[in-house]
Amino acid sequence: MKLTDCEALDRADPLREKRAAFTIPAGMIYLDGNSLGVLPRHVPERVMAVAQQQWGETLITSWNDHGWFHLPRKVGDRIARLIGAPQGSVIAGDTISVNLFKLLAAAAKMNPSRRVILSDSGNFPSDLYVAQGFRDLLDDGYELKVVAPEDVMEAIDTTIAFTMITEVDYRTARLHDMKAVTAKAHAAGALTIWDLAHSAGATPVNLAGAEADFAVGCTYKYLNGGPGAPAFLYVRPDLQDKVQPALAGWWGHEAPFAFDLDYRPAAGIIRNQCGTQPILSLAALDAALDVWDDVGMQAVRKKSLALCGAFIELVRQRCERHGVTVAGPSDINARGSHVSLHHDQGYAVMQALIAANVIGDFRAPDMMRFGFTPLYTSFTDVWNAVGILARILDNREWDQPQFLARKAVT
Ligand SMILES: *Cc1c(COP(=O)(O)O)cnc(C)c1O
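Below is a short write-up of the structure. (Residues numbered from 1 in each chain as written. Predicted model: local features only at pLDDT ≥ 70, side-chain atom pairs only at ≥ 80, totals over all residues. Heavy atoms only, no water.)

Structural notes on the overall build of the chain
Piece 1. The helix and strand tally for the chain stands at 14 helices and 15 strands.
Piece 2. Here the C-alpha atoms of the chain give a radius of gyration of 22 Å, agreeing with the 22 Å that 2.2 N^0.38 yields for 410 residues.
Piece 3. Dimensions of the chain, computed from C-alpha atoms along their principal axes, come out at roughly 70 × 55 × 40 Å.
Piece 4. In the chain, 74% of the contacts between residues at least 6 apart in sequence involve partners at least 24 apart.
Piece 5. If you sum the accessible surface of the chain, you get close to 17100 Å²; carbon and sulfur atoms cover 55% of it. (Helix = DSSP H or I, 4+ residues; strand = E, 2+ residues; numbered from the N terminus. Rg over C-alpha atoms; globule rule 2.2 N^0.38 Å. Contact = heavy atoms within 4.5 Å. Areas by Shrake-Rupley, 256 points an atom, 1.4 Å probe, with all protein chains shown as cover.)

Digging into the packing of aromatic side chains
Piece 1. This model, assessed by the stated rule, comprises 14 aromatic pairs.
Piece 2. Relative to Tyr 170, the ring of Phe 124 lies with its centre 5.1 Å away and its plane at 90 degrees, an arrangement referred to as edge-to-face. One end of the pair, Phe 124, is in the loop between strand 5 (116-120) and helix 6 (125-138); the other, Tyr 170, is in the loop between strand 7 (160-166) and helix 8 (178-187), with 46 residues separating them in the sequence.
Piece 3. Arranged with centres 5.3 Å apart and planes meeting at 85 degrees, the rings of Tyr 347 and Phe 362 form a pair that is edge-to-face. You can see Tyr 347 sitting in helix 12 (residues 346-355) and its partner Phe 362 sitting in strand 14 (residues 361-363), a full 15 residues away along the chain.
Piece 4. What makes Phe 362 buried here is its relative accessible area of 1%.
Piece 5. Aromatic rings pair up to connect Trp 63, Trp 68, Phe 69, Trp 250, Trp 251, Phe 257 and Phe 259 into one cluster. (Phe/Tyr/Trp six-rings, centres within 6.5 Å; stacked < 30°, edge-to-face > 60°. Buried < 20%, exposed > 50% of the residue type's maximum accessible area, 1.4 Å probe, protein only.)

Quick word on the pairing of strand 8 (residues 191-195)
Piece 1. Among the five residues that make up strand 8, five are buried, leaving the element largely enclosed by the rest of the structure.
Piece 2. Alternating residues of strand 8 divide into Leu 191, Ile 193 and Asp 195 and Thr 192 and Trp 194, and every residue in both groups is buried.
Piece 3. Here strand 8 pairs with strand 9 (residues 214-217) via three bridges, running parallel. Residue pairing for strand 9: Trp 194 is matched across the bridge by Ala 215. (Pairing = 2+ DSSP bridges.)

Examining the site of the ligand
Piece 1. In the region of the ligand, the neighbouring residues are Thr 95, Ile 96, Ser 97, Phe 124, Asp 127, Thr 166, Asp 195, Ala 197, His 198, Tyr 220 and Lys 221.
Piece 2. Between the ligand and His 198, the relevant distance is 3.0 Å, taken from an oxygen atom to a side-chain nitrogen or oxygen of the residue.
Piece 3. Between the ligand and Tyr 220, the relevant distance is 3.4 Å, taken from an oxygen atom to a side-chain nitrogen or oxygen of the residue.
Piece 4. Here the shell around the ligand is composed, by residue class, of four nonpolar, four polar and three charged. (Near = heavy atom within 4 Å. Polar contact = N/O pair within 3.5 Å; in protein donor to acceptor, adjacent residues only side chain to side chain. Nonpolar A, V, L, I, M, F, W, Y, C, P; charged D, E, K, R; others polar.)

Thoughts on a nonpolar patch on the surface
Piece 1. Taken together, the side chains of Trp 55, Leu 59, Ile 60 and Leu 280 make up a nonpolar region of the molecular surface, amounting to roughly 440 Å² of accessible area.
Piece 2. Within the fold, Leu 59 resides in the loop between helix 2 (43-58) and helix 3 (62-65). (Patch = residues over 30% accessible without salt bridge, like charges linked within 9 Å, V, L, I, M, F, W, Y side chains within 5 Å. Salt bridge = Lys/Arg side-chain N within 4 Å of Asp/Glu carboxyl O.)

Regarding the nonpolar core
Piece 1. Among the nonpolar cores identified, the biggest contains 52 residues, and Ile 79, Ile 83, Leu 196, Leu 207, Trp 292 and Leu 375 are the most heavily contacted of them.
Piece 2. At five residues, helix 4 (residues 71-82) tops the list of elements feeding residues into this core.
Piece 3. Viewed by domain, this core spans two of them, domain 1 (3-30 + 295-404) and domain 2 (46-292), each represented by three or more residues.
Piece 4. Setting aside residues up to four positions removed in sequence, Leu 196 forms contacts with Ile 83, Glu 167, Met 178, Val 205, Leu 207, Ala 215, Val 216, Gly 217 and Phe 232. (Core = buried A, V, L, I, M, F, W, Y, C linked by side-chain atoms within 4.5 Å. Domains from an automatic or database assignment.)

A closer look at the pattern of salt bridges
Piece 1. Per the stated rule, a full pass over the model turns up 22 salt bridges.
Piece 2. As a salt-bridge pair, Asp 213 and Arg 236 come within 2.7 Å of each other at their nearest N and O atoms. With Asp 213 in the loop between helix 9 (207-210) and strand 9 and Arg 236 in the loop between strand 10 (232-235) and helix 10 (279-288), this residue pair connects regions lying 23 residues apart in the sequence. The two residues Asp 213 and Arg 236 agree in class, both being buried.
Piece 3. Here the residues in one salt-bridge network are Arg 46, Lys 74, Arg 78, Asp 286, Asp 290 and Asp 293, joined through shared partners.

Here it is, written out as C-alpha coordinates:
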(Lines give C-alpha, C1' and ligand atoms only; values in the text may rest on other atoms or scores of the structure.)
Protein backbone atom coordinates (compact mmCIF):
# COMPACT_ATOMS: atom_id res chain seq x y z
CA MET A 1 0.00 0.00 0.00
CA LYS A 2 1.28 3.43 -0.99
CA LEU A 3 0.40 7.04 -0.20
CA THR A 4 -1.34 7.38 -3.56
CA ASP A 5 -3.59 4.42 -2.64
CA CYS A 6 -4.64 6.19 0.56
CA GLU A 7 -5.29 9.42 -1.33
CA ALA A 8 -7.44 7.54 -3.85
CA LEU A 9 -9.42 5.92 -1.03
CA ASP A 10 -10.03 9.38 0.46
CA ARG A 11 -11.28 10.75 -2.84
CA ALA A 12 -13.71 7.83 -3.21
CA ASP A 13 -14.89 7.99 0.43
CA PRO A 14 -18.64 8.77 0.64
CA LEU A 15 -18.19 10.01 4.25
CA ARG A 16 -15.31 12.41 3.48
CA GLU A 17 -17.47 15.56 3.81
CA LYS A 18 -18.32 14.68 7.42
CA ARG A 19 -14.91 15.65 8.72
CA ALA A 20 -15.85 19.32 8.29
CA ALA A 21 -18.54 18.85 10.95
CA PHE A 22 -15.86 18.39 13.62
CA THR A 23 -13.17 20.44 15.29
CA ILE A 24 -9.84 18.67 14.85
CA PRO A 25 -6.78 20.58 16.04
CA ALA A 26 -4.46 21.57 13.18
CA GLY A 27 -1.62 19.13 12.70
CA MET A 28 -3.09 16.50 15.00
CA ILE A 29 -3.85 12.95 13.89
CA TYR A 30 -6.49 11.93 16.38
CA LEU A 31 -6.82 8.17 16.72
CA ASP A 32 -8.47 8.13 20.13
CA GLY A 33 -12.09 8.75 19.20
CA ASN A 34 -12.82 5.32 20.68
CA SER A 35 -11.97 6.80 24.09
CA LEU A 36 -13.07 10.42 23.73
CA GLY A 37 -14.67 11.48 20.47
CA VAL A 38 -13.77 14.88 19.02
CA LEU A 39 -15.96 17.97 19.34
CA PRO A 40 -18.68 18.41 16.73
CA ARG A 41 -18.28 22.03 15.60
CA HIS A 42 -21.80 23.22 16.37
CA VAL A 43 -22.01 21.83 19.91
CA PRO A 44 -20.49 24.72 21.93
CA GLU A 45 -22.98 27.19 20.49
CA ARG A 46 -25.90 24.93 21.43
CA VAL A 47 -24.59 24.36 24.94
CA MET A 48 -24.07 28.11 25.39
CA ALA A 49 -27.64 28.75 24.25
CA VAL A 50 -29.01 26.23 26.74
CA ALA A 51 -26.90 27.76 29.51
CA GLN A 52 -27.63 31.40 28.73
CA GLN A 53 -31.22 31.31 27.51
CA GLN A 54 -32.66 28.31 29.31
CA TRP A 55 -30.70 28.11 32.54
CA GLY A 56 -29.96 31.85 32.56
CA GLU A 57 -33.34 33.27 31.65
CA THR A 58 -36.20 30.81 31.82
CA LEU A 59 -34.68 28.92 34.73
CA ILE A 60 -36.87 26.32 36.39
CA THR A 61 -39.71 26.64 33.89
CA SER A 62 -37.31 25.15 31.36
CA TRP A 63 -38.01 21.70 32.80
CA ASN A 64 -41.37 21.99 31.03
CA ASP A 65 -40.93 24.71 28.47
CA HIS A 66 -37.64 23.52 27.01
CA GLY A 67 -38.28 19.81 27.44
CA TRP A 68 -35.50 19.23 29.98
CA PHE A 69 -37.51 16.62 31.82
CA HIS A 70 -37.98 14.46 28.73
CA LEU A 71 -34.48 14.95 27.34
CA PRO A 72 -33.14 11.52 28.52
CA ARG A 73 -35.93 9.82 26.62
CA LYS A 74 -35.61 12.02 23.54
CA VAL A 75 -31.85 11.44 23.39
CA GLY A 76 -32.43 7.73 24.03
CA ASP A 77 -34.68 7.56 20.97
CA ARG A 78 -32.00 9.18 18.84
CA ILE A 79 -29.41 6.65 20.03
CA ALA A 80 -31.90 3.81 19.47
CA ARG A 81 -31.77 4.33 15.72
CA LEU A 82 -28.01 3.74 15.74
CA ILE A 83 -28.16 0.47 17.69
CA GLY A 84 -31.11 -1.26 16.07
CA ALA A 85 -33.47 -0.60 18.96
CA PRO A 86 -37.13 0.44 18.71
CA GLN A 87 -38.30 3.86 19.87
CA GLY A 88 -39.07 3.91 23.58
CA SER A 89 -36.53 1.24 24.46
CA VAL A 90 -33.46 3.36 25.25
CA ILE A 91 -32.95 5.97 27.93
CA ALA A 92 -29.89 8.23 28.26
CA GLY A 93 -28.33 8.97 31.62
CA ASP A 94 -25.89 7.99 34.35
CA THR A 95 -22.74 6.01 33.47
CA ILE A 96 -22.25 2.54 32.04
CA SER A 97 -21.15 1.27 35.45
CA VAL A 98 -24.30 2.60 37.16
CA ASN A 99 -26.60 1.40 34.39
CA LEU A 100 -24.98 -2.00 34.48
CA PHE A 101 -25.74 -2.28 38.17
CA LYS A 102 -29.39 -1.50 37.46
CA LEU A 103 -29.53 -4.18 34.78
CA LEU A 104 -27.71 -6.82 36.85
CA ALA A 105 -30.38 -6.34 39.49
CA ALA A 106 -33.19 -6.45 36.93
CA ALA A 107 -31.87 -9.58 35.25
CA ALA A 108 -31.26 -11.35 38.56
CA LYS A 109 -34.85 -10.70 39.64
CA MET A 110 -36.15 -12.05 36.34
CA ASN A 111 -34.22 -15.29 36.61
CA PRO A 112 -34.47 -15.96 40.36
CA SER A 113 -33.69 -19.67 40.40
CA ARG A 114 -30.19 -19.25 38.94
CA ARG A 115 -27.02 -17.90 40.50
CA VAL A 116 -24.33 -17.72 37.82
CA ILE A 117 -23.39 -14.50 35.97
CA LEU A 118 -21.29 -15.28 32.91
CA SER A 119 -18.70 -12.82 31.63
CA ASP A 120 -15.33 -12.99 29.92
CA SER A 121 -11.78 -11.95 30.69
CA GLY A 122 -11.78 -9.47 27.81
CA ASN A 123 -14.50 -7.47 29.48
CA PHE A 124 -13.79 -3.97 30.71
CA PRO A 125 -12.68 -4.24 34.35
CA SER A 126 -15.29 -1.77 35.60
CA ASP A 127 -18.02 -4.09 34.34
CA LEU A 128 -16.48 -6.95 36.30
CA TYR A 129 -16.07 -4.76 39.38
CA VAL A 130 -19.74 -3.80 39.29
CA ALA A 131 -20.71 -7.46 39.02
CA GLN A 132 -18.42 -8.31 41.94
CA GLY A 133 -19.99 -5.56 44.03
CA PHE A 134 -23.45 -6.78 43.11
CA ARG A 135 -22.58 -10.40 43.95
CA ASP A 136 -21.08 -9.42 47.32
CA LEU A 137 -23.98 -7.13 48.20
CA LEU A 138 -26.52 -9.90 47.67
CA ASP A 139 -24.45 -12.46 49.54
CA ASP A 140 -26.88 -15.02 48.18
CA GLY A 141 -24.71 -17.59 46.44
CA TYR A 142 -24.16 -15.60 43.24
CA GLU A 143 -21.11 -16.56 41.28
CA LEU A 144 -19.36 -14.45 38.67
CA LYS A 145 -17.95 -16.88 36.13
CA VAL A 146 -15.27 -15.31 33.94
CA VAL A 147 -14.10 -17.37 30.97
CA ALA A 148 -11.83 -16.58 28.03
CA PRO A 149 -13.67 -14.64 25.28
CA GLU A 150 -13.47 -17.57 22.87
CA ASP A 151 -15.05 -19.88 25.47
CA VAL A 152 -18.21 -17.85 26.08
CA MET A 153 -20.44 -19.87 23.75
CA GLU A 154 -19.40 -23.14 25.27
CA ALA A 155 -19.86 -21.85 28.83
CA ILE A 156 -23.54 -21.01 28.30
CA ASP A 157 -25.53 -23.71 30.03
CA THR A 158 -28.61 -24.06 32.20
CA THR A 159 -26.81 -22.79 35.32
CA ILE A 160 -26.40 -19.29 33.84
CA ALA A 161 -28.83 -16.62 35.06
CA PHE A 162 -27.56 -14.06 32.57
CA THR A 163 -24.54 -13.14 30.50
CA MET A 164 -22.75 -9.81 30.86
CA ILE A 165 -20.64 -9.41 27.76
CA THR A 166 -19.02 -6.44 26.04
CA GLU A 167 -19.62 -6.85 22.33
CA VAL A 168 -16.31 -5.34 21.17
CA ASP A 169 -13.28 -6.06 23.37
CA TYR A 170 -11.81 -2.74 24.54
CA ARG A 171 -8.28 -3.99 23.96
CA THR A 172 -8.24 -6.56 21.16
CA ALA A 173 -11.33 -5.29 19.24
CA ARG A 174 -12.62 -8.88 19.16
CA LEU A 175 -16.30 -8.80 18.20
CA HIS A 176 -18.72 -11.22 19.83
CA ASP A 177 -21.56 -12.61 17.74
CA MET A 178 -24.44 -10.96 19.58
CA LYS A 179 -27.10 -12.90 17.78
CA ALA A 180 -25.51 -16.32 18.31
CA VAL A 181 -24.66 -15.70 21.98
CA THR A 182 -28.15 -14.38 22.68
CA ALA A 183 -29.81 -17.30 20.91
CA LYS A 184 -27.74 -19.82 22.86
CA ALA A 185 -28.43 -18.00 26.13
CA HIS A 186 -32.15 -17.96 25.47
CA ALA A 187 -32.15 -21.65 24.56
CA ALA A 188 -30.48 -22.30 27.93
CA GLY A 189 -33.02 -20.16 29.78
CA ALA A 190 -30.55 -17.31 30.40
CA LEU A 191 -30.87 -13.57 29.79
CA THR A 192 -28.26 -11.35 28.12
CA ILE A 193 -26.79 -7.98 29.07
CA TRP A 194 -24.63 -6.37 26.37
CA ASP A 195 -22.14 -3.55 26.79
CA LEU A 196 -21.96 -1.50 23.59
CA ALA A 197 -19.20 0.91 24.70
CA HIS A 198 -17.07 0.17 21.63
CA SER A 199 -19.98 -0.67 19.36
CA ALA A 200 -22.36 2.30 19.40
CA GLY A 201 -21.40 4.55 16.50
CA ALA A 202 -18.65 2.14 15.46
CA THR A 203 -20.33 -1.03 14.23
CA PRO A 204 -23.89 -1.76 13.11
CA VAL A 205 -25.69 -3.11 16.18
CA ASN A 206 -29.06 -4.78 15.86
CA LEU A 207 -30.43 -5.22 19.37
CA ALA A 208 -33.94 -6.00 18.15
CA GLY A 209 -32.74 -8.40 15.47
CA ALA A 210 -30.56 -10.25 17.97
CA GLU A 211 -33.40 -10.27 20.51
CA ALA A 212 -30.97 -8.97 23.12
CA ASP A 213 -32.58 -8.51 26.52
CA PHE A 214 -30.60 -5.62 27.98
CA ALA A 215 -27.80 -3.31 26.92
CA VAL A 216 -25.74 -0.38 28.12
CA GLY A 217 -23.33 1.90 26.30
CA CYS A 218 -21.58 5.22 26.50
CA THR A 219 -21.72 8.27 24.28
CA TYR A 220 -18.37 9.98 24.84
CA LYS A 221 -16.55 7.51 22.59
CA TYR A 222 -17.80 7.11 19.00
CA LEU A 223 -20.90 9.26 19.53
CA ASN A 224 -18.87 12.38 20.42
CA GLY A 225 -21.06 13.43 23.35
CA GLY A 226 -18.12 14.97 25.23
CA PRO A 227 -16.14 14.13 28.38
CA GLY A 228 -18.40 12.44 30.93
CA ALA A 229 -21.38 12.46 28.55
CA PRO A 230 -24.39 10.47 29.78
CA ALA A 231 -24.46 6.75 29.06
CA PHE A 232 -27.54 4.84 27.87
CA LEU A 233 -29.52 1.79 28.82
CA TYR A 234 -31.72 -0.51 26.72
CA VAL A 235 -34.42 -2.95 27.79
CA ARG A 236 -36.23 -5.22 25.33
CA PRO A 237 -39.77 -3.84 25.02
CA ASP A 238 -41.60 -6.94 26.27
CA LEU A 239 -39.40 -7.06 29.40
CA GLN A 240 -39.72 -3.40 30.33
CA ASP A 241 -42.67 -3.70 32.65
CA LYS A 242 -41.11 -6.71 34.39
CA VAL A 243 -38.08 -4.70 35.53
CA GLN A 244 -38.05 -4.13 39.28
CA PRO A 245 -35.69 -1.16 39.66
CA ALA A 246 -33.07 -1.62 42.37
CA LEU A 247 -32.09 2.03 42.13
CA ALA A 248 -35.68 3.11 42.51
CA GLY A 249 -35.62 6.89 42.35
CA TRP A 250 -38.12 9.64 41.80
CA TRP A 251 -37.23 10.06 38.14
CA GLY A 252 -38.39 6.49 37.57
CA HIS A 253 -41.59 6.91 39.57
CA GLU A 254 -44.95 6.71 37.86
CA ALA A 255 -45.84 10.17 39.21
CA PRO A 256 -42.70 11.90 40.45
CA PHE A 257 -44.51 15.11 41.31
CA ALA A 258 -47.17 13.37 43.39
CA PHE A 259 -44.41 12.95 45.99
CA ASP A 260 -45.97 9.75 47.28
CA LEU A 261 -44.14 8.02 50.07
CA ASP A 262 -44.22 4.73 48.20
CA TYR A 263 -42.41 3.85 45.03
CA ARG A 264 -44.45 2.84 42.02
CA PRO A 265 -42.41 2.29 38.86
CA ALA A 266 -43.28 4.23 35.73
CA ALA A 267 -44.33 2.24 32.69
CA GLY A 268 -41.75 1.33 30.10
CA ILE A 269 -38.11 2.36 29.92
CA ILE A 270 -38.60 5.41 32.20
CA ARG A 271 -38.49 3.32 35.38
CA ASN A 272 -34.79 2.73 34.78
CA GLN A 273 -34.07 6.37 35.53
CA CYS A 274 -33.02 7.17 39.05
CA GLY A 275 -32.47 10.85 39.83
CA THR A 276 -31.95 14.25 38.23
CA GLN A 277 -29.95 14.11 35.04
CA PRO A 278 -27.18 16.49 33.81
CA ILE A 279 -29.08 18.72 31.40
CA LEU A 280 -26.08 20.59 30.00
CA SER A 281 -24.37 17.31 29.18
CA LEU A 282 -27.56 15.92 27.70
CA ALA A 283 -27.94 19.06 25.61
CA ALA A 284 -24.38 18.64 24.32
CA LEU A 285 -25.08 15.01 23.48
CA ASP A 286 -28.39 15.86 21.83
CA ALA A 287 -26.60 18.37 19.62
CA ALA A 288 -23.70 15.97 18.92
CA LEU A 289 -26.16 13.38 17.62
CA ASP A 290 -27.21 15.77 14.80
CA VAL A 291 -24.09 14.66 12.95
CA TRP A 292 -25.54 11.15 12.68
CA ASP A 293 -28.89 12.16 11.22
CA ASP A 294 -27.91 11.42 7.63
CA VAL A 295 -25.41 8.63 8.33
CA GLY A 296 -26.11 4.93 7.86
CA MET A 297 -24.25 2.43 10.02
CA GLN A 298 -23.45 0.20 7.03
CA ALA A 299 -21.46 3.01 5.43
CA VAL A 300 -19.68 3.57 8.75
CA ARG A 301 -18.84 -0.12 9.01
CA LYS A 302 -17.53 -0.27 5.45
CA LYS A 303 -15.14 2.61 6.00
CA SER A 304 -14.19 1.41 9.47
CA LEU A 305 -13.07 -1.95 8.11
CA ALA A 306 -11.15 -0.28 5.29
CA LEU A 307 -9.38 2.09 7.73
CA CYS A 308 -8.50 -0.73 10.14
CA GLY A 309 -7.40 -2.93 7.24
CA ALA A 310 -5.15 -0.21 5.82
CA PHE A 311 -3.61 0.44 9.23
CA ILE A 312 -2.92 -3.24 9.85
CA GLU A 313 -1.39 -3.69 6.41
CA LEU A 314 0.88 -0.65 6.77
CA VAL A 315 1.94 -1.65 10.28
CA ARG A 316 2.85 -5.11 9.00
CA GLN A 317 4.89 -3.59 6.17
CA ARG A 318 6.72 -1.01 8.19
CA CYS A 319 6.76 -1.88 11.90
CA GLU A 320 6.76 -5.65 12.24
CA ARG A 321 10.55 -5.86 12.24
CA HIS A 322 10.56 -3.91 15.51
CA GLY A 323 8.53 -6.58 17.30
CA VAL A 324 5.14 -4.93 16.80
CA THR A 325 2.26 -7.40 16.49
CA VAL A 326 -1.44 -6.82 15.93
CA ALA A 327 -3.75 -7.88 18.78
CA GLY A 328 -7.05 -9.63 18.19
CA PRO A 329 -8.60 -11.63 15.37
CA SER A 330 -6.90 -11.75 11.97
CA ASP A 331 -10.34 -11.86 10.32
CA ILE A 332 -11.20 -8.18 9.90
CA ASN A 333 -14.94 -8.96 9.99
CA ALA A 334 -14.55 -10.32 13.51
CA ARG A 335 -13.24 -6.98 14.76
CA GLY A 336 -14.62 -3.64 15.93
CA SER A 337 -13.25 -0.24 14.91
CA HIS A 338 -9.96 -0.01 16.79
CA VAL A 339 -6.62 -1.76 16.51
CA SER A 340 -4.21 -2.49 19.33
CA LEU A 341 -0.55 -3.22 18.76
CA HIS A 342 1.57 -5.20 21.16
CA HIS A 343 5.07 -3.90 21.78
CA ASP A 344 7.19 -4.42 24.88
CA GLN A 345 7.81 -0.66 25.06
CA GLY A 346 4.24 0.18 24.04
CA TYR A 347 3.80 2.81 26.75
CA ALA A 348 6.91 4.79 25.81
CA VAL A 349 6.25 4.44 22.07
CA MET A 350 2.73 5.82 22.59
CA GLN A 351 4.10 8.77 24.57
CA ALA A 352 6.51 9.52 21.72
CA LEU A 353 3.63 9.29 19.26
CA ILE A 354 1.55 11.72 21.34
CA ALA A 355 4.52 14.11 21.45
CA ALA A 356 4.54 13.90 17.64
CA ASN A 357 0.80 14.77 17.61
CA VAL A 358 -0.45 11.29 16.78
CA ILE A 359 -2.94 10.61 19.55
CA GLY A 360 -3.79 7.08 20.62
CA ASP A 361 -3.70 5.49 24.05
CA PHE A 362 -2.07 2.69 25.97
CA ARG A 363 -3.73 -0.30 27.59
CA ALA A 364 -1.82 -2.49 29.99
CA PRO A 365 0.17 -4.61 29.79
CA ASP A 366 1.71 -3.74 26.42
CA MET A 367 -0.88 -2.42 23.98
CA MET A 368 -0.88 0.75 21.93
CA ARG A 369 -4.47 1.34 20.94
CA PHE A 370 -5.68 3.29 17.92
CA GLY A 371 -9.33 4.07 17.23
CA PHE A 372 -10.63 4.57 13.69
CA THR A 373 -13.67 6.80 13.68
CA PRO A 374 -15.03 6.79 10.13
CA LEU A 375 -16.75 10.17 10.34
CA TYR A 376 -13.53 12.14 10.72
CA THR A 377 -10.53 9.89 10.10
CA SER A 378 -9.03 9.76 6.61
CA PHE A 379 -6.89 7.15 4.91
CA THR A 380 -4.17 9.78 4.63
CA ASP A 381 -4.30 10.10 8.43
CA VAL A 382 -3.66 6.36 8.63
CA TRP A 383 -0.73 6.65 6.21
CA ASN A 384 0.82 9.53 8.13
CA ALA A 385 0.29 7.92 11.54
CA VAL A 386 2.03 4.71 10.52
CA GLY A 387 4.85 6.73 8.94
CA ILE A 388 5.46 8.52 12.25
CA LEU A 389 5.19 5.26 14.22
CA ALA A 390 7.76 3.63 11.92
CA ARG A 391 10.09 6.61 12.32
CA ILE A 392 9.81 6.50 16.12
CA LEU A 393 10.63 2.79 16.11
CA ASP A 394 13.41 3.05 13.51
CA ASN A 395 15.18 5.82 15.46
CA ARG A 396 14.29 4.55 18.96
CA GLU A 397 12.80 8.00 19.63
CA TRP A 398 10.72 6.46 22.41
CA ASP A 399 13.82 5.67 24.48
CA GLN A 400 13.86 8.91 26.49
CA PRO A 401 13.06 9.49 30.17
CA GLN A 402 10.04 11.73 29.52
CA PHE A 403 8.39 8.95 27.49
CA LEU A 404 9.27 6.11 29.85
CA ALA A 405 7.69 7.69 33.00
CA ARG A 406 4.05 6.61 33.53
CA LYS A 407 1.24 9.18 33.88
CA ALA A 408 -2.03 8.66 35.81
CA VAL A 409 -4.29 8.40 32.75
CA THR A 410 -2.90 6.21 30.00
C1 LIG B 1 -15.48 2.92 28.32
C2 LIG B 1 -16.11 1.71 28.88
C3 LIG B 1 -16.86 1.76 30.07
C4 LIG B 1 -16.96 3.05 30.84
O5 LIG B 1 -17.80 2.95 31.91
P6 LIG B 1 -18.31 4.26 32.67
O7 LIG B 1 -18.99 3.73 33.86
O8 LIG B 1 -19.25 4.97 31.73
O9 LIG B 1 -17.11 5.08 32.99
C10 LIG B 1 -17.51 0.61 30.49
N11 LIG B 1 -17.40 -0.55 29.80
C12 LIG B 1 -16.67 -0.62 28.67
C13 LIG B 1 -16.59 -1.92 27.92
C14 LIG B 1 -15.98 0.48 28.21
O15 LIG B 1 -15.23 0.39 27.11
